[in-house]
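These are the residues of each chain, in order.
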Amino acid sequence: METRSRDRVSMKPWVSPRSDPVAGTQGGLKAERGRLSLAPLGSEGRDETPNGSNASDASNARRLVLYDGSVVNIPGGLDARLDRWGNVVYRVVDCDVVLRLVAELLLYVVRSYRGSVVRLDGRRISRLLGLRQRGGVSGYLEPYSMSRIYGILSMLGFELSRSNHRITITIDLRKPIIREIKSAESIDEAIKIVEKHLR
């Protein structure tokens, strides 16, 4: 009876993130307020702020309670829930967040990969965005959110392919947008470059 009750509590609706996330750093970028940083947000684990003590620190990130009672911080700009196997399923909140995810993904790719092309599937994209293992818990973007990222990348001129129910996006590092992204000094600058190429 105790296990059944715990499962009912854990399988709750999407957890909305706070509206104004404090930026982290990733890929050598400087910290900016409002940046959608998907790098791990500090130590993961149980909430140790009883009776509202240290409330300012506790509000820095929304948290999702796992089946075992431990806690995972949810990045700003995303909602989250648990699937039946205990994995964290992330959902993009709005279009602005999609643009930020695409900009962060391209920044990471141009600063971390060599060669002329990089092929990414959904699992690899989730890992590059810091969602695959947060606090030792597996996570991924749900299909609709992933399709929105694929859609933006396709509109930017990158090749989308489907094979055996697997979708892959090919990032051509020789494209002009990649040269511009590589020179971006901040995530906001990278977002502006993405928006310019979508016009």
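Quantities reported herein were computed from a predicted structural model and do not represent experimental measurements.

## Some thoughts on the sheet that holds strand 5 (residues 117-121)
- Here three strands make up an open sheet; going across it, the order is 5-9-8 and the pairing antiparallel. This sheet does not close on itself; its edge strands, each paired only once, are strand 5 and strand 8 (159-163). Strand-to-strand twist across the sheet, computed as the mean angle between neighbouring axes with direction ignored, equals 25 degrees.
- Across five bridges, strand 5 lies against strand 9 (residues 166-172) in antiparallel orientation. Within the sheet, the bridge partner assigned to D121 lies in strand 9 and is T168.
- Contacts from helix 5 (residues 143-155) reach strand 5, strand 8 and strand 9, with the element oriented near 35 degrees to strand 9.

## Examining helix 7 (residues 187-198)
- Taking 1.5 Å as the rise per residue, helix 7 with twelve residues should run 16 Å; its terminal C-alpha atoms sit 17 Å apart, in good agreement.
- Within the sequence span of helix 7, burial applies to I187, A190, I191, I193 and V194. Axial view of helix 7: buried residues confined to an arc of 160 degrees, hence all on one face.
- Contacts from the buried residues of helix 7 go to helix 3 (95-112), helix 5 and helix 6 (176-183).

## Focus: the nonpolar core
- Residues Y90, L106, L120, L153, F158, I171 and I181 are the most contacted members of the largest nonpolar core, which totals 50 residues.
- Residue contributions to this core peak at eleven residues, all from helix 3.
- Among all residues touching I181, those that are not within four sequence positions of it are L106, L107, V110, A190, I193 and V194.

## A closer look at the packing of aromatic side chains
- The tally for this structure, following the rule as stated, stands at zero aromatic pairs.
- Looking at R84, its charged tip hangs above the ring of W85, at a distance of 5.3 Å from the centre.

## Some thoughts on the confidence of the model for the chain
- Looking at the chain as a whole, the pLDDT averages 74, with 67% of positions reaching at least 70.
- Scored below 50 in pLDDT, residues 1-60 makes 115 contacts in the model with residues more than four places away or belonging to other chains.

## Let's talk about helix 6
- Burial in helix 6 covers these residues: I177, I178 and I181. The buried residues of helix 6 all sit within an arc of 100 degrees when viewed along its axis, so they share a single face. Opposite its buried face, helix 6 presents the exposed residues R179 and K182, each directed more than 90 degrees away.

## Side note on the pairing of strand 2 (residues 71-74)
- Neither face of strand 2 is left uncovered, since the one carrying V71 and N73 and the one carrying V72 and I74 both have all their residues buried.
- Across four bridges, strand 1 (residues 62-65) lies against strand 2 in antiparallel orientation. Its bridge partner lying in strand 2, L64 is registered against V72.
- Two successive antiparallel strands, strand 1 and strand 2, enclose a turn made up of five residues, where G69 displays a positive phi of approximately 95 degrees.

## Here's the deal with the packing of helix 3 against helix 7
- Where helix 3 meets helix 7, the axes come as close as 9 Å, and the angle between the chain directions of the two elements is 110 degrees. The pairing of helix 3 with helix 7 is recorded here as roughly perpendicular in orientation. Of the residues in helix 7, those in contact with L99, R100, A103, E104, L106 and L107 of helix 3 are I187, D188, A190, I191, V194, E195 and L198.
- For the contact of helix 3 with helix 7, the residue count by class is nine nonpolar, no polar and four charged.

## Notes on the packing of helix 6 against helix 7
- Running from N to C, helix 6 and helix 7 point in directions that differ by 160 degrees, and their axes come no closer than 9 Å. It follows that helix 6 is roughly antiparallel to helix 7 by the angle criterion. Crossing geometry of helix 6 relative to helix 7 is assigned as right-handed. Each of I177, E180, I181 and S183 in helix 6 lies in contact with helix 7, whose residues at this interface are E189, A190, I193, V194, K196 and H197.
- Grouping the amino acids of the contact of helix 6 with helix 7 by side-chain chemistry returns five nonpolar, two polar and three charged.

Reading guide: rules and limits
- Residues numbered from 1 in each chain as written.
- Predicted model: local features only at pLDDT ≥ 70, side-chain atom pairs only at ≥ 80, totals over all residues.
- Heavy atoms only, no water.
- Pairing = 2+ DSSP bridges.
- Helix = DSSP H or I, 4+ residues; strand = E, 2+ residues; numbered from the N terminus.
- Axes fitted to C-alpha atoms, helices over the stretch in contact; angles between N-to-C directions.
- Contact = heavy atoms within 4.5 Å.
- Expected span 1.5 Å × (residues − 1).
- Buried < 20%, exposed > 50% of the residue type's maximum accessible area, 1.4 Å probe, protein only.
- Arc of directions from axis to C-beta.
- Core = buried A, V, L, I, M, F, W, Y, C linked by side-chain atoms within 4.5 Å.
- Phe/Tyr/Trp six-rings, centres within 6.5 Å; stacked < 30°, edge-to-face > 60°.
- Lys NZ or Arg CZ within 6 Å of the ring centre and 35° of its normal.
- pLDDT = per-residue confidence, 0-100.
- Parallel < 35°, antiparallel > 145°, perpendicular 65-115°, else oblique.
- Nonpolar A, V, L, I, M, F, W, Y, C, P; charged D, E, K, R; others polar.
- Left-handed = near helix turned anticlockwise from the far one by under 90°.

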